[in-house]
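# Structural features, examined
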There are 2 protein chains.
Amino acid sequence: MNGAEALVRTFVNAGLEVCFTNPGTSELHFVAALSRVAGMRPILGLFEGVVSGAADGYARMADKPAVTLLHLGPGLANGLANFHNARKARTPIVNLIGEHAISHRPYDAPLTADVEAFARPVSGWVRTADDPKTLARDGAEAVAAAFGPPGRVASLIVPADVAWTEAGDPADPLPIPSAERASPDAVTDTALALRSGESAAILMSGRALRRAPLEVAGRIAASTGARLFCDTFNARWERGAGVPSVDPLPYFAEGASVALAGVRHLILVGTQAPVAFFAYPGKPSSLTPETCRIQTLASPAEDCEAALEALADALGANQAAARAERDVASAPAGRLSPASIAISVSALLPEGAIVSEEAITASAALTPGTRGAAPHDWLGLTGGAIGQGIPVATGAAVACPDRKVVCLQADGSAMYTIQGLWTQSREGLDVTTVILANRSYAILQIELQRVGALETGPDVQQMLRIDDPVLDLFRISQGLGVPATRVTTAEEFHQQFARSMAEPGPSLIEAVY
Amino acid sequence: MNGAEALVRTFVNAGLEVCFTNPGTSELHFVAALSRVAGMRPILGLFEGVVSGAADGYARMADKPAVTLLHLGPGLANGLANFHNARKARTPIVNLIGEHAISHRPYDAPLTADVEAFARPVSGWVRTADDPKTLARDGAEAVAAAFGPPGRVASLIVPADVAWTEAGDPADPLPIPSAERASPDAVTDTALALRSGESAAILMSGRALRRAPLEVAGRIAASTGARLFCDTFNARWERGAGVPSVDPLPYFAEGASVALAGVRHLILVGTQAPVAFFAYPGKPSSLTPETCRIQTLASPAEDCEAALEALADALGANQAAARAERDVASAPAGRLSPASIAISVSALLPEGAIVSEEAITASAALTPGTRGAAPHDWLGLTGGAIGQGIPVATGAAVACPDRKVVCLQADGSAMYTIQGLWTQSREGLDVTTVILANRSYAILQIELQRVGALETGPDVQQMLRIDDPVLDLFRISQGLGVPATRVTTAEEFHQQFARSMAEPGPSLIEAVY
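Residues numbered from 1 in each chain as written. Chains lettered and ligands numbered in written order. Predicted model: local features only at pLDDT ≥ 70, side-chain atom pairs only at ≥ 80, totals over all residues.

For the rest of this paragraph, the subject is the domain arrangement of chain A. Residue and element names in this part refer to chain A. Each domain of chain A was delimited in the assignment, giving domain 1 (3-164), domain 2 (184-315) and domain 3 (338-512). On a C-alpha basis, the centroid separation for the pair domain 2 and domain 3 is 28 Å. Here the side of domain 2 that touches domain 3 takes 3 residues from strand β9 (residues 237-239), the largest share from any one element. Broken down by class, the residue content of the side of domain 2 that touches domain 3 amounts to 10 nonpolar, 3 polar and 3 charged. (Domains from an automatic or database assignment. Helix = DSSP H or I, 4+ residues; strand = E, 2+ residues; numbered from the N terminus. Nonpolar A, V, L, I, M, F, W, Y, C, P; charged D, E, K, R; others polar.)

On to helix α14 (residues 389-399) of chain A, then. Burial of α14(A) is extensive: 11 of the 11 residues sit out of reach of the surface. Those residues of α14(A) that fall on the buried side of the exposure criterion are A:Gly389, A:Ile390, A:Pro391, A:Val392, A:Ala393, A:Thr394, A:Gly395, A:Ala396, A:Ala397, A:Val398 and A:Ala399. (Buried ≥ 20, exposed ≤ 12 C-beta atoms within 10 Å, placed from the backbone.)

Below, the discussion takes up the packing of helix α9 (residues 211-224) of chain A against helix α11 (residues 304-315) of chain A. All names here are of chain A. At a closest axis distance of 9 Å, the pairing of α9 and α11 adopts a crossing angle of 30°. With respect to α11, the axis of α9 lies roughly parallel. Where α9 crosses over α11, the two elements pack in a sense that is left-handed. Residues Ala-212, Pro-213, Val-216, Ala-217, Arg-219, Ile-220, Ser-223 and Thr-224 of α9 pack against Cys-304, Glu-305, Leu-308, Glu-309, Leu-311, Ala-312 and Leu-315 of α11. Along the lines of polarity and charge, the residues of the contact of α9 with α11 split into 10 nonpolar, 2 polar and 3 charged. (Axes fitted to C-alpha atoms, helices over the stretch in contact; angles between N-to-C directions. Parallel < 35°, antiparallel > 145°, perpendicular 65-115°, else oblique. Left-handed = near helix turned anticlockwise from the far one by under 90°. Contact = placed C-beta atoms within 7 Å.)

Take the sheet that holds strand β16 (residues 431-437) of chain A next. Whenever strands of a sheet pair, they do so through backbone hydrogen bonds, lying parallel or antiparallel. Residue and element names in this part refer to chain A. One open sheet accounts for 7 strands, arranged β9-β14-β13-β15-β16-β18-β17; its pairing is mixed. Bordering the open sheet on either side are β9 and β17 (484-487), each of which pairs with just one other strand. Along the sheet, successive strands turn relative to each other by an average axial angle of 20°, direction set aside. Bridge count between β16 and strand β18 (residues 507-512): 6 bridges; the pairing is parallel. Each residue of the ladder has a partner; that of Ala-437, found in β18, is Val-512. (Pairing = 2+ DSSP bridges.)

Superposition record for chain B on chain A: RMSD 0.0 Å, screw rotation 180°, translation along axis 0.0 Å. The operation mapping one copy onto its partner corresponds to a two-fold rotation axis. Among all residues of chain B, the minimum C-alpha distance to the rotation axis is found for B:Ile476, at 2.2 Å. Both copies share a contact surface, since 100% of the interface residues of chain B are interface residues in chain A too. (Least-squares fit on C-alpha atoms with pLDDT ≥ 70 in both.)

All right, on to the environment of A:Glu17 then. All names here are of chain A. With respect to the secondary-structure elements, Glu-17 resides in the loop between α1 (3-13) and β1 (18-22). A C-alpha to C-alpha distance of 4.5 Å links Glu-17 and Met-40, two positions 23 residues apart in sequence. If near-sequence neighbours (up to four positions away) are discounted, Glu-17 is found in contact with Gly-39, Met-40 and Arg-41.

The extent of an interface is frequently quoted as the accessible surface area lost upon association of the parts. With 83 residues of chain B at the interface, the matching set in chain A holds 83 residues. Of all elements in the fold, only α2 (28-36), β2 (41-44), α4 (72-89), α5 (115-119), α7 (160-164), α16 (420-427), α17 (442-450) and α18 (473-479) of chain B reach the threshold of two or more residues within the side of chain B that touches chain A. Among the elements that take part in the side of chain B that touches chain A, α4(B) stands out by supplying 8 residues, more than any other. Taken together, the residues of the side of chain B that touches chain A break down into 45 nonpolar, 25 polar and 13 charged.

Looking now at the pairing of β17(A). All names here are of chain A. Sheet topology note: the β17/β18 ladder contains 4 bridges and is parallel. In the strand pairing of β18, Val-487 is matched with Ala-511. Taken together, β17, helix α19 (residues 490-502) and β18 form a β-α-β motif whose crossover is right-handed. (Right-handed = clockwise from strand over helix to strand, strands pointing away.)

Turning next to the packing of helix α3 (residues 48-62) of chain B against α4(B). All names here are of chain B. At a minimum axis separation of 6 Å, α3 and α4 run at an interaxial angle of 25°. By the angle between their axes, α3 is roughly parallel relative to α4. Pair α3 / α4 crosses with right-handed handedness. On the side of α3, the interface is formed by Glu-48, Gly-49, Val-51, Ser-52, Gly-53, Asp-56 and Arg-60, while α4 contributes Gly-75, Asn-78, Gly-79, Ala-81, Asn-82, Phe-83, Asn-85, Ala-86 and Ala-89.

Turning our attention to helix α2 (residues 28-36) of chain A. Among the 9 residues that make up α2(A), 7 are buried, leaving the element largely enclosed by the rest of the structure. Every buried residue belonging to α2(A) is among A:Leu28, A:His29, A:Phe30, A:Val31, A:Ala32, A:Ala33 and A:Leu34, and all of these are buried. For α2(A), the secondary structure elements touched by its buried residues are α1, β1, β2 (41-44), β3 (67-71) and α7 (160-164) of chain A together with α17 of chain B.

Set out below in structure tokens:
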């Protein structure tokens, strides 16, 4: 068998099941191998940003990597923005990139580029294979590297001649290290802080936002008076009615500073100290009060759940957690708005749904407005690189075919990876995309003031609006094979969203407000 | 004035007129400055690959750089594939990237990435500004670096606080060095080779493919019997009826080897020795016969026209050049195909049109089939990174508002940067996009055999077809604000293309064959 087949079989041996791809000539031996080898499902994207984002969404839900198969430097480059988001989400991905044959590289053919240089900023592990005999082993190491912990993008660059040359057998999987235990000192120190009687808050992200650790954190909060926060953007957050309540830090630095005002002890679980998304003239980058002591209970690489359990034991925390209550308001009427959409989503989202959220300015209404929906997973824009929502929804639906996926997607940012709708149609994925269509880069209209760019000319708004021409996203969706409607009132949205929750398969609702 | 305004004024002082942009928060001071300062037209793209490709198309026609304004590492990353094409086209671009404020970078905010690392592989010049007082000077140096010669992408990374802080005056433009003369020895050696009586060919690209040097090359060919070739993909090639004939090297290595068989002297003008686009098992990467002596008359950095003139003088080359003849066949009928489309385009393309060609497999019919069209410029896929056609057409139309632009665009590769249609609509650009819709990655179906991936499974074709669901590109076009039709016969295409040539403004014809 050739190198490509040995590598694909190695991935299957390691339990990998899905390959998101947009291949080119240098990857055709992998395409052939994927068609020959049972056990790895190839899923085509029309654009590489769909491929990388789908792999991110898949692994957030499957808790194991997908493979991405991309074409040379430019193909990888098109996937980088969503690999950036995956890096910030600490998502495991095995990123396979075809490269020119080793013998061909010195000739500077048109597609020649520095593939490793493109890969390095988003990858926790990078290797260019140089020998078909060791390619399978390279692949096994890439899988192990992707798992971490914490998860990372492991980029394996394979020259075409390494893929097409006769190779040895597939490699056995390498052991996947489990997350390390947090240090007993961290547990003791945290318990001391929480017993001090001073104002304390616990800031969580990563694995700490799964249901089981949230239950423990909820008991700790109830028993000590500590407040529970999570990052503004999280890879995966289990939330909804009956789940212990956690407040995300507000996006804008001013709001986050207010939320953390007076906190003397900030305990970090699976995340880092909170910082402003952007810098603003004369404002601090750190969001914590100067008098606040920041301490880490468990780093993103450590076992957050075990650390929280050890802390709960140390504190004897047995008070019942405060939980979000089920929130079913009556169907909204009149003007369509993010707030009215939140009411409908909260009422109609089925239990076990997965929400991919890239609503940008509409998040401010949608996130709090759905805290009382039936229990669900919430996948956020971890790295701030827009164009994540549709691909992550795509990958999540592949990972969880029995769960409804809802993508809450702003219109401007939808346009970076709109091609993902085609993959949803092709694979028959159960995804409802809601386009929050305000027809502007509304976040920039807000930020323009906040960054102090006050002296503007008359046509500055023209550069922040996207309503000329109007983007007919429902028509673009139809062109990509996803049935779509446009709604302009709260009643219409409620009706269409209800219909979509009841019907399987991909659909899109363009909500113009 | 702040750094952003000083920089924008520096660019205007240097004669730059257009800024293609997809800005974010860290670029808002530039957005404000662009709205205040007269003389630089901001043009919005919905996706960064449109921005970088449009800047490439603009400079190919304007012979001076546009500015690109992009958002942090991920925004730059989305533009890299078309910057790769621009690098291979040796196109001058001043690539401005907003970065986090210097004080903010250590905090590892979500959008933090290694911007320089992303920029380096596509750039001939990279700098991160660190002082508002020297930012204008950095900008003047970036402009000079972009011009080269040869042209290059000059990437200037500007932290937000460098942009928003009070700065000095704008900088004066730096002198732009002209292309150096080729060495007299190169001229003498080439003349000797062409007088040897042995089979000789001249391979040209870059500036050698403008009308004036082509006239000289045509005389040389007529006087010496040397054959004239150009690269398969060229940044800008002036061609059509009455222009001296040049044959592009065939895309597939086998064809190129046949074209060059028996050539003893290969003379390079503005290009490098020809190589296969991809490597194939057991086939050479170099396309020239082993017995062929390759010599450079003028490198891409040197003055190709002056070198050809010096060569013509040394040879006393005064025979009249062979010219392409006007080719107006009768309107085609029946089955729609790339060949029938070539007949219509050849008959109807107006004089002075600009063609952006990314037709992939259809190129084999379209390129030779339009050699007898009225004189026009032909802009090719220089770096092989698909998704160039629509953006390059967009930028070319901005550079030449009085000329009709025709984009000959394959369907699969259209989907990487389809968002460019929206910019065409917004700016009212005179671009006709022809989608060559074969509904497959046809090039990969061909390459699959050529790379020797013969043992495939039953579903391999599924990964190379894009017809499930059908991409309704005419509908996507309408959704992006560009009027569109779909045609399925040669007569319908001829009629629609004729109508589109007669009407100004953007339109799209989806030609399904």
